[in-house]
Amino acid sequence: MSERPVRVRFAPSPTGPLHIGGVRTALYNYLFARKNGGKMILRIEDTDSGRFVPGAEAYIIEALTWLGIEFDEGIANGAATCRQSERKPIYKKYVDQLLNDGKAYIAFDTPAELEAKRQEIANFQYDARTRGSMVNSLTLPTEEVKARIERGDNYVVRVRIEPGQDIVVNDMIRGKVVINSNILDDKVLYKSADQLPTYHLANIVDDHLMEISHVIRGEEWLPSAPLHVLLYQYLGWADTMPEFAHLPLLLKPEGNGKLSKRDGDRLGFPVFPLDWIDPKTGEKSSGYREAGYFPEAVVNFLALLGWHAGGDNEFFSMQELIEEFSLDRVSKSGAKFDYEKGKWFNHQYLMNKSAETLYPFVQEILLQHKVDAPKDKVLAAIELTKGRCTFIADFWEHIHYFFVAPTEYDEKTRQKRWKENSSEEMRALYKVLEGIEDFSIENSENIVMQWITDNGLHTGNIMNAFRLCIVGEGKGPHMFDITSLIGKEETLRRLDKAIAVLSA
RNA sequence: GGCGCAUUCGUCUAGGGGUCUAGGACGCCGCCCUCUCACGGCGGAAACCCGGGUUCGAAUCCCGGAUGCGCUACCA
């Protein structure tokens, strides 16, 4: 283990909205950096000009900001300051170095020609066995190569892999992974067409220049890690090569495969942090924020998909995650995405919030429904109902009857709770309630219960019918919590109306 | 096909040779609380992929198989 300062990066490609697996990668990088007193860097890997999607970069930054994942470098005024597309001369320099050192060569084979080769030869691979029969600087005379370049022919630079050597990747999560160079191909490092490096080269150069100490990324990169190790050696940077940690993948909740962008709308839950509208197709993908999730619930849930603190506790704030996080407690195998558990987390976070904290959100919902109620009444209603809500948006369903009298009565509840003598009993209850001066929870409950006892009535029958009259359906907090909040006048009004409607 | 990684309840996982008749959580089921719905409490069903080996002893170590996933682009 080196003693150098911890510096990690999150390096997304701006090809669309950041999906939840990417968010988790960013989160683990962030936790690792904070835990070890290191720096977190954002780098935009936009070396594929063809797949660039406008707005994607801003989306990534907004999403991570929402979740509380902060960057120490690479971001200023809300925009990324490190984009690979803006570093062309830097990569060119190292491409030339590799070329001069004979670690790479120029190839003129066109994509169409390569495609033809693949059709022609099964398992065709551009490598030590085949490069001698291809069109490149190894097979062409020097003048010809020069002439072609001057003529403006497009070419690529390929890494020259020497066969027959074992390449060792030390992975912090998986241990030692050995791969023989025979199976590696001469990957393209640079394209003359857009003068941009490919991922592999840009990645190594930037990680080196930015003094990245740990590369924490998805497992899909493990197969190319040997190439990266080789590039560090070719460039002469082997001694400062970062440590690698390849994270297990996030899998589809059902069936097989990696969680993908399409799964969200197919399965009916978000796989993106924020809503996203595709600029080309106009297609909308839903996000956690708009679905009503709290960022801290998403972070908590995501952190536990592939990592475990060891004890029985499952609730962690960002600060606690930072304190507890460790790469050697990251799982090796992929985790299926369990949306139900995500909802449960949100429910827990919502229940644990104070009515005061929830107030602005609920107030907005009430306003949308044209309800203007005093704050203390809203706070009380929130306190009584928050245990029933998973999302903020659920509040209206559970809170509306505190502010709006029922206009209709749930048919099922009516059949079950409205008995033959209910009208009569409710009329009697009306009289009792009318006579109560102090309409507080305790007092009204005492009086009504005493009345029930004295007259040999059935508590369940009375209360359930009463609930149907006041709420309109068979749910909600205890009746006197509701009636004392809506007040005597409103209680009597609702009761009167309900008796008329339900007796008809 | 080739190469790599992985494999404990349906799902997320604890477990790093004996304390495992395998623990927790989500979901599911039952009971309690109760005027209903929730919340909460209690309880239940539910797993070490298979086969060899190492060992006095294996969920834990090794090998093989099976299965899953990933990669195999002038994409990241």
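Our subject is the structure that appears above.
So, here is what we can say about the structure in this document. Chains are numbered independently. Their residues run from 1 in the order of the written sequence. Think of it this way: whatever chain is written first is A, whatever ligand is written first is 1, and the rest follow in order. Where local features are concerned, this predicted model is filtered to residues with pLDDT of at least 70; where side-chain atom pairs are given and counted, the filter is 80 or more; whole-chain, interface and lining totals use all residues. Side-chain measures here rest on the full set of heavy atoms in the structure, leaving out hydrogens and waters.

Strands are runs of DSSP state E lasting at least two residues, helices are runs of H or I lasting at least four, and both sets are numbered from the N terminus onward. When its secondary structure is counted, chain A shows 20 helices and 16 strands. On C-alpha atoms alone, chain A measures out to a radius of gyration of 32 Å, which is more than a quarter above the 23 Å that the 2.2 N^0.38 rule sets for 504 residues. C-alpha extents for chain A along the principal axes are approximately 110 × 45 × 40 Å. Burial statistics for chain A: of 504 residues in total, 49% are counted as buried. Whether two residues are in contact is decided by their heavy atoms: any pair within 4.5 Å suffices. Within chain A, counting contacts between residues at least 6 apart in sequence, those at least 24 apart form 72% of the total. Using C-alpha atoms as the atom set, the radius of gyration is obtained and then compared with a globule rule of 2.2 Å times the number of residues to the power 0.38. Any residue under 20% of the maximum accessible area for its type is buried, any over 50% is exposed, and the rest in between are partly exposed; the area is computed with a 1.4 Å probe on protein chains only.

For Arg262, the location among the structural elements is in the loop between β13 (250–251) and α8 (263–267). The spatial distance from the C-alpha of Arg262 to the C-alpha of Pro248 is 20 Å, given a sequence separation of 14 residues.

What follows is about the pairing of strand β9 (residues 188–191). Between any two strands, pairing holds if DSSP finds at least two bridges. Judged from the three bridges that link them, strand β6 (residues 156–159) and β9 form a sheet pairing that is antiparallel. Residue pairing for β9: Arg158 is matched across the bridge by Val188. Where β9 lies against strand β10 (residues 196–197), two bridges are found, and the strand directions are antiparallel. Looking at the pairing, Tyr190 lines up with Pro197 of β10.

So, on to the pairing of strand β7 (residues 166–171). The side-chain alternation of β7 yields one buried face, formed by Ile167, Val169 and Asp171, and one unburied face, formed by Asp166, Val168 and Asn170. Across six bridges, β7 lies against strand β8 (residues 175–180) in antiparallel orientation. Along β8, the bridge assignment pairs Val169 with Val177. The turn linking β7 back onto β8 is made up of three residues.

Within this scheme a cavity is a closed region of a 1 Å grid, computed over the protein atoms alone, that accommodates a 1.4 Å probe without allowing it to escape, whereas a pocket is open but has protein on both sides within 12 Å along at least five of seven lines; lining residues each have an atom within 4 Å of a point. Grid points are joined across faces, edges and corners, and a volume is the space filled by probe spheres set on the points. Considering all chains together, one arrives at one cavity of 30 Å³ or more under this definition. Its volume calculated, the largest cavity comes out at about 30 Å³. Every residue lining the largest cavity is listed: Tyr288, Tyr293, Ala297, Val298, Phe301 and Gly342. The biggest single contributor to the lining of the largest cavity is helix α9 (residues 295–303), with three residues.

Below, the discussion takes up the pattern of salt bridges. Salt bridge, as applied in this entry: a Lys or Arg side-chain nitrogen positioned within 4 Å of an Asp or Glu carboxyl oxygen. Following the criterion strictly, the structure yields 34 salt bridges and no others. Of the charged contacts in the structure, one is a salt bridge between Glu86 and Arg83, with a shortest N-O distance of 2.9 Å. With a closest N to O distance of 2.7 Å, Lys375 and Glu356 form a salt bridge. With Lys375 in helix α13 (residues 375–385) and Glu356 in helix α12 (residues 355–368), this pair connects stretches of sequence that are 19 residues apart. Residue classification places Lys375 among the partly exposed residues on the basis of a relative accessible area of 36%. For Glu356, a relative accessible area of 44% gives the class partly exposed. The structure contains a network of salt bridges with shared partners spanning Arg9, Arg43, Glu45, Arg87, Asp206 and Asp207.

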